[in-house]
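So you can see what is in the structure, the chains are spelled out below.
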Amino acid sequence: MEAAGKEEISVEDEAVDKNIFKDCSKIAFYRRQKQLSRRATYQASLDSATIGKDSTKFQIISETTKVSLLAEVYGIEGNIFRLKINEETPLKPRYEVPDVLTSKPSTVRLISCSGDADSLVLTDGKGDLKCNITANPFKIDLVSQEEVVMSINSLGQLYFEHLQIPLKQRAAKENKEDTSVDASQEDQEDLGLWEEKFGKFVDVKVNGPASVGLDFSLHGFEHLYGIPQHAESHQLKNTSDGDAYRLYNLDVYGYKIHDKMGIYGSVPYLLAHKLGRTLGIFWLNASETLVEINTEPAVKYTLTQMGPVAAKQKVRCRTDVHWMSESGIIDVFLLTGPTPSDVFKQYSYLTGIY
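On a predicted model such as this, the values are computed, not experimentally measured, just so you know.

S.K.: Honestly, the overall build of the chain in this entry has me stumped. Any pointers?
M.R.: In terms of regular secondary structure, the chain is built from 4 helices and 23 strands. When the 354 residues of the chain are sorted by exposure, 45% land in the buried category. In the chain, the proportion of contacts linking residues at least 24 apart, taken out of those at least 6 apart, comes to 65%. For the chain, the exposed area adds up to about 19300 Å²; of that, 51% sits on carbon and sulfur atoms.

S.K.: Got a minute to help me understand the environment of S48 in this structure?
M.R.: Examined against the element boundaries, S48 turns out to sit in strand β1 (residues 42–51). In this structure S48 comes out as partly exposed when scored by relative accessible area, which is 41%. With 69 residues separating them in the primary sequence, S48 and A117 have C-alpha atoms 8.4 Å apart. In this structure the side chain of S48 is engaged in a polar contact, spanning 3.3 Å, whose partner is the side chain of S45.

S.K.: Explain the pairing of strand β4 (residues 80–87) here, please?
M.R.: Remark: a regular strand shows side chains that alternate across the two faces of the sheet. Among the 8 residues that make up β4, 8 are buried, leaving the element largely enclosed by the rest of the structure. Bridge count for strand β3 (residues 68–76) against β4 is 8 bridges, and the pairing is antiparallel. By the bridge assignment, L69 is partnered in β4 with E87. Taking the residues between adjacent antiparallel strands as the criterion, β3 and β4 are bridged by 3 residues, where G78 takes a positive phi near 90°. As defined by bridge partners, β4 adjoins strand β23 (residues 330–335) across 6 bridges and the pair is classed as antiparallel. Looking at the pairing, I85 lines up with I330 of β23.

S.K.: Sorry, what's going on with the nonpolar core here?
M.R.: A general trend in soluble globular proteins is that nonpolar side chains are found buried together. In terms of nonpolar packing, the biggest core is built from 49 residues, with I133, M150, F216, L218 and W323 touching the most fellow members. Considering each element in turn, this core owes the most residues, 4 residues, to strand β14 (residues 212–219). If we ignore the near neighbours within four places in the chain, the residues touching L218 are V149, M150, L224, L270, A272, L279, I281, C317, R318, T319 and V321. Ranked by size, the runner-up nonpolar core spans 12 residues in total, among them Y269, F333, Y347 and L350.

S.K.: Before we go on, may I ask you to explain the packing of aromatic side chains in this structure?
M.R.: Here the distance between the centres and the angle between the planes together describe a pair of aromatic rings. Scanning the entire structure with this criterion turns up 7 aromatic pairs. Between Y269 and Y347 the ring centres are 3.8 Å apart and the planes differ by 5°, which places this aromatic pair in the stacked class. Separated by 78 residues along the polypeptide, Y269 in strand β17 (residues 269–274) and Y347 in helix α4 (residues 340–351) bring together distant segments of the chain. Site record: aromatic cluster; members linked through ring pairs are Y269, F282, F333 and Y347. The cationic tip of K260 hangs over the ring face of Y245; the distance from NZ or CZ to the ring centre is 5.6 Å.

S.K.: Can you help me understand α4 in this one?
M.R.: Given 3.6 residues per turn, any residue in an α-helix points the same way as the ones three and four places further on. Between its first and last C-alpha, α4 extends 17 Å over 12 residues, near the 16 Å set by a 1.5 Å rise per residue. Within α4, the full set of buried residues consists of V343, Q346, Y347, S348, L350 and T351. Where α4 is buried, its residues contact β4, β17, β18 (277–283) and β23.

S.K.: Explanation requested: the pairing of strand β10 (residues 147–152) in the structure shown.
M.R.: Examined bridge by bridge, strand β9 (residues 139–144) and β10 share 5 bridges and lie antiparallel to one another. The partner of V143 across the bridge, within β10, is V148. As consecutive antiparallel partners, β9 and β10 are separated by 2 residues, and within that stretch Q145 has a phi angle of approximately 50°, a positive value. As judged from the 3 bridges shared by β10 and β14, these two strands associate in the antiparallel manner. When the sheet's bridge partners are listed, I152 is paired in β14 with F216.

S.K.: Would you mind going over the confidence of the model for the chain with me for this structure?
M.R.: Reading fine detail from the predicted coordinates is not recommended where pLDDT is low. Residues at a pLDDT of 70 or more form 84% of the chain, whose mean pLDDT is 86. Contacts for the low-pLDDT stretch residues 177–183, under 50 throughout, to residues beyond four places or in other chains number 8 contacts.

S.K.: For this particular structure, what's the right way to read the pattern of salt bridges?
M.R.: Note on pairing: side chains with opposite charge can pair once their charged atoms come close. Applying the stated criterion to the full structure yields 15 salt bridges. With a shortest N-O distance of 3.1 Å, E96 and K84 are connected by a salt bridge. With a gap of 12 residues between them, E96 in the loop between β4 and β5 (107–108) and K84 in strand β4 connect regions that are remote in the sequence. Ionic contacts of the salt-bridge type, sharing partners, join the residues E147, K274 and R316 into one network.

S.K.: Teacher, can you tell me more about the side chain of S325 here?
M.R.: Looking at the secondary structure, you find S325 in strand β22 (residues 318–325). According to the relative accessible area criterion, S325 is buried, its value standing at 0%. Reaching out from S325, the side chain makes a polar contact with the side chain of W283 at a distance of 2.8 Å. Ignoring anything within four residues of it in the chain, the contact list for S325 reads F29, Q33, S211, V212, W283, N285, S287, E288 and T289.

S.K.: When you look at the side chain of D331 in this model, what are you seeing that I'm missing?
M.R.: Counting through the fold element by element, D331 comes out in strand β23. Side chain to side chain, D331 and R82 meet in a polar contact 2.8 Å long. Those residues in contact with D331, other than ones at most four positions away along the chain, are R82, L83, K84, F282, W283 and L284.

What counts, and where the lines are drawn
- Residues numbered from 1 in each chain as written.
- Predicted model: local features only at pLDDT ≥ 70, side-chain atom pairs only at ≥ 80, totals over all residues.
- Heavy atoms only, no water.
- Helix = DSSP H or I, 4+ residues; strand = E, 2+ residues; numbered from the N terminus.
- Buried < 20%, exposed > 50% of the residue type's maximum accessible area, 1.4 Å probe, protein only.
- Contact = heavy atoms within 4.5 Å.
- Areas by Shrake-Rupley, 256 points an atom, 1.4 Å probe, with all protein chains shown as cover.
- Polar contact = N/O pair within 3.5 Å; in protein donor to acceptor, adjacent residues only side chain to side chain.
- Pairing = 2+ DSSP bridges.
- Core = buried A, V, L, I, M, F, W, Y, C linked by side-chain atoms within 4.5 Å.
- Phe/Tyr/Trp six-rings, centres within 6.5 Å; stacked < 30°, edge-to-face > 60°.
- Lys NZ or Arg CZ within 6 Å of the ring centre and 35° of its normal.
- Expected span 1.5 Å × (residues − 1).
- pLDDT = per-residue confidence, 0-100.
- Salt bridge = Lys/Arg side-chain N within 4 Å of Asp/Glu carboxyl O.

Right, dumping it as structure tokens:
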């Protein structure tokens, strides 16, 4: 006798309705950064850089707006570099995350190996790690044993929105009926500059948009992990054909698997691993954050010279990681390893979590 037919139950039938949560196309600061970051080119003013006991400071100037940012590079005990970028003269203090670092990290004085108006090379004194800063366009290369392992802003995706006086106050102050703005009213609404709507919720931004973003190129790396929590594979995937990884705490019942939407927790800590080297990036920002990942596969051969005896050389792969946060400042720790155990110790030293 045949068994009675069983009703098939699909997990998808009970999965959360994603329409009640934002995807990237509905997140205003993501749309702004994707549309406007290419217009913002920055140049570092290295001729006026100051090298102090704790950090090296210099200005970064937007070639579009001519507004300057303050950049600070720190050397921290245990092969850690820290980069902070903030407004030089903010309208009011921007939010910086407290209570995450176990204590103020012990700094190591960085030494200038060479420098002029076009570039500045900093080392931790041991000589095996160097921080090469290029002025125009602004870029930082992290060099280990004469090999560039990480580049910062090599894609020119540094993005920093400055706090602004509300439009109505600005108009009243200037005693004008209207005030000139960078975008039309329609564009402002589309980009969510002063107000953002999602469903029945309205998010009013008193001082306008305040998002930040920065790109990191990891040379020779194609295996990335971390930035929990998502119901995805252990190894992070390329996001070029879909949504970015979202770091945003949500209590989601029936969440969908193999999906990049944020769920119960968010830890902005990413690991990159290859043979002989492991790196970590700790992006210290508590606001909603999106992370794009794009791996350029290794090209097996390339011609290095013309002619019948043209040499062939293997070209390394590269993974680009683009961090975008809704507000706050850029405060990022570069954990240089070189081993996985070293990276875990470095992260534990900063946060107490091992």
